[in-house]
Amino acid sequence: MALPKVGSIGEYIREQRTQAKISLRQLATAAGVSNPYLSQIERGLRKPSAEILNQIAKGLHISSQALYVQAGLIEEREPDSDVLTAIRADHLITERQRQVLIDIYESFRKENRAGAPDEDAQTSQKTHPAPEPHGGDATSSPNDEAPLPEDYLAALKPFAASSDNGNVTPETKEG
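Residues numbered from 1 in each chain as written. Predicted model: local features only at pLDDT ≥ 70, side-chain atom pairs only at ≥ 80, totals over all residues. Heavy atoms only, no water.

A. Here's a closer look at the overall build of the chain. Summing up its helical and strand segments, the chain has 10 helices and zero strands in all. Counting from the amino terminus, the chain carries its helices and strands in the arrangement α-α-α-α-α-α-α-α-α-α. Taking all 175 residues of the chain together, 22% fall into the buried category. Counting every atom, the chain has about 12,800 Å² of accessible surface; 53% of that belongs to carbon and sulfur. (Helix = DSSP H or I, 4+ residues; strand = E, 2+ residues; numbered from the N terminus. Buried < 20%, exposed > 50% of the residue type's maximum accessible area, 1.4 Å probe, protein only. Areas by Shrake-Rupley, 256 points an atom, 1.4 Å probe, with all protein chains shown as cover.)

Here's what the structure looks like:
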């Protein structure tokens, strides 16, 4: 239920207030709320709105995002990687293409976080390389021929340049 979350936001506000050495009365004045209301928030009896949290954050001189995360209004998320920034900044591809690339990249990251193979598993993968491709092309690496999952292929199909038989052409592999 919401009560544990409400209690934790109140505890968090009280903790931040005591660390900042601000009295309840001073914070209430700075946030523009009554003393009893702020006291009820800190004790977990009231659930403050996002606007009130923003005012409290200003009074505490902390990020309002920190309070929103603590209150459960938003999820804490990792900052964007350079890859995501680069994809979003590339205006030579369409919005749909950007979204497909982001979705694929995020699915790889999610898969790696979930699996998170340890060093031994990574080392064993290096000692047991993938079989050479049947084409015998000396310049291609083993990963060039690894099949993509069906859902990725379906997502990429509208954007792939293809030959008459539906196979992806070498030009599309370079991306």
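B. Quick peek at the side chain of Gln16. Tracing the backbone through its elements, the reader meets Gln16 in helix 1 (residues 3-19). Judged by relative accessible area, which is 14%, Gln16 ranks as buried. If we skip the residues at most four places from it in the chain, Gln16 touches Leu60 and Ile62. (Contact = heavy atoms within 4.5 Å.)

C. Quick peek at helix 2 (residues 24-31). Among the residues of helix 2, Leu27, Ala28 and Ala31 are the ones counted as buried. In an axial view of helix 2, the angular spread of the buried residues amounts to 100 degrees, which keeps them on one side of the axis. Structural note: helix 2 exposes Arg25, Thr29 and Ala30 on the side pointing more than 90 degrees away from its buried face. Of the residues one or two after helix 2, Gly32 is the one with positive phi, at around 75 degrees. (Arc of directions from axis to C-beta.)

D. Region of interest: unusual backbone geometry. Here the phi dihedral of Lys21 falls at roughly 55 degrees; this positive angle occurs in a residue that is not glycine. Relative to the assigned elements, Lys21 resides in the loop between helix 1 and helix 2. The phi dihedral of His61 is positive, around 60 degrees, even though this residue is not glycine. Since its relative accessible area comes to 69%, His61 is described here as exposed.

E. The packing of helix 2 against helix 3 (residues 35-42), seen in detail. Following both chains from N to C, one finds helix 2 and helix 3 inclined at 110 degrees, their axes separated by 9 Å at the closest point. The angle between helix 2 and helix 3 falls in the class roughly perpendicular. Residues Leu24, Arg25, Leu27 and Ala28 of helix 2 form the contact with helix 3, whose own contacting residues are Asn35, Leu38, Ser39 and Glu42. Its residues assigned to classes, the contact of helix 2 with helix 3 shows four nonpolar, two polar and two charged. (Axes fitted to C-alpha atoms, helices over the stretch in contact; angles between N-to-C directions. Parallel < 35°, antiparallel > 145°, perpendicular 65-115°, else oblique. Nonpolar A, V, L, I, M, F, W, Y, C, P; charged D, E, K, R; others polar.)

F. Spotlight on the packing of helix 4 (residues 50-60) against helix 5 (residues 64-71). Contact pair helix 4 / helix 5: the axes reach a minimum separation of 8 Å and the direction vectors enclose 135 degrees. Accordingly, the angle class assigned to the pair helix 4 and helix 5 is oblique. Note on packing geometry: the crossing formed by helix 4 with helix 5 is right-handed. Contact with helix 4, carried on its side by Ala50, Leu53, Asn54, Ile56 and Ala57, involves Ser64, Leu67, Tyr68 and Ala71 of helix 5 and no other residues of that element. By residue class, the composition of the contact of helix 4 with helix 5 is seven nonpolar, two polar and no charged. (Left-handed = near helix turned anticlockwise from the far one by under 90°.)

These figures capture arrangement, not role.
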